[in-house]
Amino acid sequence: TPYDRPMHARLMTFLLATMFTVAVQAAKPLSQAMPAGALAYAEVNGLGERLIDLRDSDLLKAVMASPQFKALQEEKQWTQFMAGRGVVEGYLGMDVWKAADKLFNEIAVGVYPGAGGQPAMVVMFRVSDAEAWAKVRKQIDPLFTLADEAVKREKAGDREILNFTD
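Residues numbered from 1 in each chain as written. Predicted model: local features only at pLDDT ≥ 70, side-chain atom pairs only at ≥ 80, totals over all residues. Heavy atoms only, no water.

**Some points on the packing of helix α2 (residues 47–55) against helix α6 (residues 96–103)**
- The interhelical angle for the contact between α2 and α6, taken along N-to-C directions, is 150°, at an axis separation of 7 Å. Between α2 and α6, the angle is such that the two are roughly antiparallel. Within the contact between the two elements, α2 uses Gly48, Glu49, Leu51, Ile52 and Arg55 and α6 uses Trp97, Ala100 and Asp101.
- Here the residues of the contact of α2 with α6 sort into 4 nonpolar, 1 polar and 3 charged. (Axes fitted to C-alpha atoms, helices over the stretch in contact; angles between N-to-C directions. Helix = DSSP H or I, 4+ residues; strand = E, 2+ residues; numbered from the N terminus. Parallel < 35°, antiparallel > 145°, perpendicular 65-115°, else oblique. Contact = heavy atoms within 4.5 Å. Nonpolar A, V, L, I, M, F, W, Y, C, P; charged D, E, K, R; others polar.)

The structure is reproduced here in structure tokens:
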């Protein structure tokens, strides 16, 4: 079954045909840039702002003060999650909240029929801070170089398309 494959293979399958938009200026909705034929599609605008609102909300403060959350923080998976978060934040050079605010202004996800009956996903996002994206891009470029043929790059107008294959 697909769940028996290594994590890397599952991630690459999930990211098959992933597309990143890097346009900062006002542009057409991401839905107009998505390929035709999606089985399912969702688009969120202002996601970064909404995540910052969540970070600063009384609701999140209440959840974090709850006994259930305190118990969760004692779990091994929480420690692993926080370690992973630290790696991501160090690699990006900013905390996850700032990254969400600056990089995920608009995000769209489409699910398409894929090879062998496996779904293929297209993920597009438009950043709200070109300088932050340039910094992150400089950090992640070496990973794409290491991935070699698993990542295909293509320019399409103001978009950069990165195809991740298994």
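**Structural notes on the nonpolar core**
- Formed by 16 residues in total, the largest nonpolar core has its most connected members in Met94, Leu103, Trp133, Val136 and Phe144.
- The set of elements that each furnish at least two residues to this core consists of α6, β4 (119–126), α7 (130–147) and β6 (159–164).
- No other element matches the 5 residues that α7 contributes to this core.
- Beyond its immediate chain neighbours, meaning those up to four positions away, Met94 contacts Glu89, Ala99, Lys102, Ala132 and Val136.
- With 6 residues, the next largest nonpolar core counts Leu30, Met34, Val122 and Met124 among its residues. (Core = buried A, V, L, I, M, F, W, Y, C linked by side-chain atoms within 4.5 Å. Buried < 20%, exposed > 50% of the residue type's maximum accessible area, 1.4 Å probe, protein only.)

**Remarks on the confidence of the model for the protein**
- Here the protein shows a mean pLDDT of 78. Residues at 70 or above account for 81%.
- Confidence over residues 1–26 falls short of pLDDT 50; this stretch has 67 contacts with residues more than four positions distant or in other chains. (pLDDT = per-residue confidence, 0-100.)

**Quick notes on the sheet that holds strand β2 (residues 40–45)**
- One open sheet accounts for 3 strands, arranged β2-β3-β4; its pairing is antiparallel. Of all strands in the sheet, those bounded by a partner on one side alone are β2 and β4. Ignoring which end each strand starts from, the neighbouring axes of this sheet average 10° apart.
- Pairing analysis gives 6 bridges linking β2 to strand β3 (residues 106–113), with the strands arranged antiparallel. From the neighbouring strand, Ala40 faces β3, where its bridge partner is Val111. (Pairing = 2+ DSSP bridges.)

**Re the side chain of Arg137**
- Note that Arg137 resides in helix α7.
- In this view, Arg137 contacts Phe144, Arg153 and Glu160; residues no more than four positions away in its chain are not counted.

**Some points on the packing of aromatic side chains**
- Counting across every chain of the model gives 3 aromatic pairs.
- Aromatic side chains Phe69 and Trp78 sit 5.3 Å apart centroid to centroid with 80° between the ring planes, which places their arrangement in the edge-to-face category. As far as burial versus exposure is concerned, Phe69 and Trp78 are alike and both buried.
- Ring centres of Trp78 and Phe81 lie 5.5 Å apart, and the angle between their planes is 40°; on these two criteria the pair is classed as tilted. Taken together, the residues span about one helical turn, with Trp78 and Phe81 both in helix α5 (residues 76–92) at a distance of 3 residues.
- Residue classification places Phe81 among the partly exposed residues on the basis of a relative accessible area of 47%.
- Linked through ring pairs, Phe69, Trp78 and Phe81 together constitute an aromatic cluster. (Phe/Tyr/Trp six-rings, centres within 6.5 Å; stacked < 30°, edge-to-face > 60°.)

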